[in-house]
Amino acid sequence: MANPWRGEVELVLDGERRVMRLTLGALAELEAALEEGSLVDLVRRFEGGACSSRDVLALIVAGLRGGGWQGSAADLVSAEIGGGPVAAARAAAELLARAFALPGDTG
């Protein structure tokens, strides 16, 4: 079960519940995966509703890896995400928000 106080978000991947978390290492991987721009740019894109599927994928991979998953973006190409692309985008946005929120922040 995901612990929001630790910045965790749950995602169902191929029928298995996984916990995602943006650790410092996962954030570094995410920044490298973005190739252009920064995490601040990524936050702005999500806040403005202009995130791409590549942004969502990069966040999901980083979060899964921060949660201990050993896969890569290529592994997600054929993976079934519970709730589909909309659920993936929501989980990615929640993951990003929780990574930079202080305990007790309500929004």
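Parameters and conventions
- Residues numbered from 1 in each chain as written.
- Predicted model: local features only at pLDDT ≥ 70, side-chain atom pairs only at ≥ 80, totals over all residues.
- Heavy atoms only, no water.
- Helix = DSSP H or I, 4+ residues; strand = E, 2+ residues; numbered from the N terminus.
- Buried < 20%, exposed > 50% of the residue type's maximum accessible area, 1.4 Å probe, protein only.
- Contact = heavy atoms within 4.5 Å.
- Areas by Shrake-Rupley, 256 points an atom, 1.4 Å probe, with all protein chains shown as cover.
- Lys, Arg positive; Asp, Glu negative; His and termini not counted.
- Charge placed at Lys NZ, Arg CZ, Asp CG, Glu CD.
- Polar contact = N/O pair within 3.5 Å; in protein donor to acceptor, adjacent residues only side chain to side chain.
- Core = buried A, V, L, I, M, F, W, Y, C linked by side-chain atoms within 4.5 Å.
- Salt bridge = Lys/Arg side-chain N within 4 Å of Asp/Glu carboxyl O.
- Expected span 1.5 Å × (residues − 1).
- Arc of directions from axis to C-beta.

Right, let's talk about the overall build of the protein for a bit. Along its length, the protein carries five helices and two strands. Its helices and strands taken in sequence order, the protein reads β-β-α-α-α-α-α from the N to the C terminus. Once the C-alpha set of the protein is aligned to its principal axes, its extents read approximately 30 × 30 × 25 Å. Across the 107 residues that make up the protein, the buried fraction comes to 34%. Restricting the contact set of the protein to residue pairs at least 6 apart, pairs at least 24 apart contribute 59%. Here the protein has roughly 6300 Å² of accessible surface; of this, 54% comes from carbon and sulfur atoms. Charge separation in the protein, taken as the distance between the mean sites of 10 positive and 15 negative side-chain charges, equals 3 Å.

It is worth spelling out the side chain of Asp55 at this point. Mapped onto the elements, Asp55 comes out in helix α3 (residues 53–66). For Asp55, the side chain forms a polar contact with the side chain of Arg45, separated by 2.9 Å.

All right, on to the nonpolar core then. Membership of the largest hydrophobic core comes to 28 residues, with the highest contact counts inside it found for Met20, Leu22, Leu30, Leu42, Leu59, Ile60 and Leu76. Elements with a minimum of two residues in this core: β1 (9–13), α1 (24–34), α2 (39–47), α3 and α5 (84–99). The element that contributes the greatest number of residues to this core is α3, accounting for seven residues. Residues contacting Ile60, with those up to four places away along its chain left out, are Leu11, Met20, Leu76, Ala88, Ala91 and Ala92.

A few words on the pattern of salt bridges. Taken as a whole, this structure holds seven salt bridges when the rule is applied. Two residues, Glu16 and Arg18, come together in a salt bridge whose shortest N-O distance is 3.6 Å. Across the salt bridge formed by Glu29 and Arg65, the nearest N and O atoms sit 3.0 Å from each other. Within this pair, whereas Glu29 is found in helix α1, its partner Arg65 is found in helix α3, the two being separated by 36 residues in sequence. Judged by its relative accessible area of 36%, Glu29 falls in the partly exposed class. Residue classification places Arg65 among the partly exposed positions, given a relative accessible area of 30%.

As a further point, take α5. Its 16 residues give α5 an end-to-end C-alpha distance of 22 Å, which sits within 8% of 22 Å, the value for a rise of 1.5 Å per residue. For α5, the full list of buried residues reads Gly84, Ala88, Ala91, Ala92, Leu95 and Leu96. On an axial view of α5, the arc spanned by its buried residues comes to 135°, and they lie on one face. Contacts made by the buried residues of α5 are with β1, β2 (16–20), α2 and α3.

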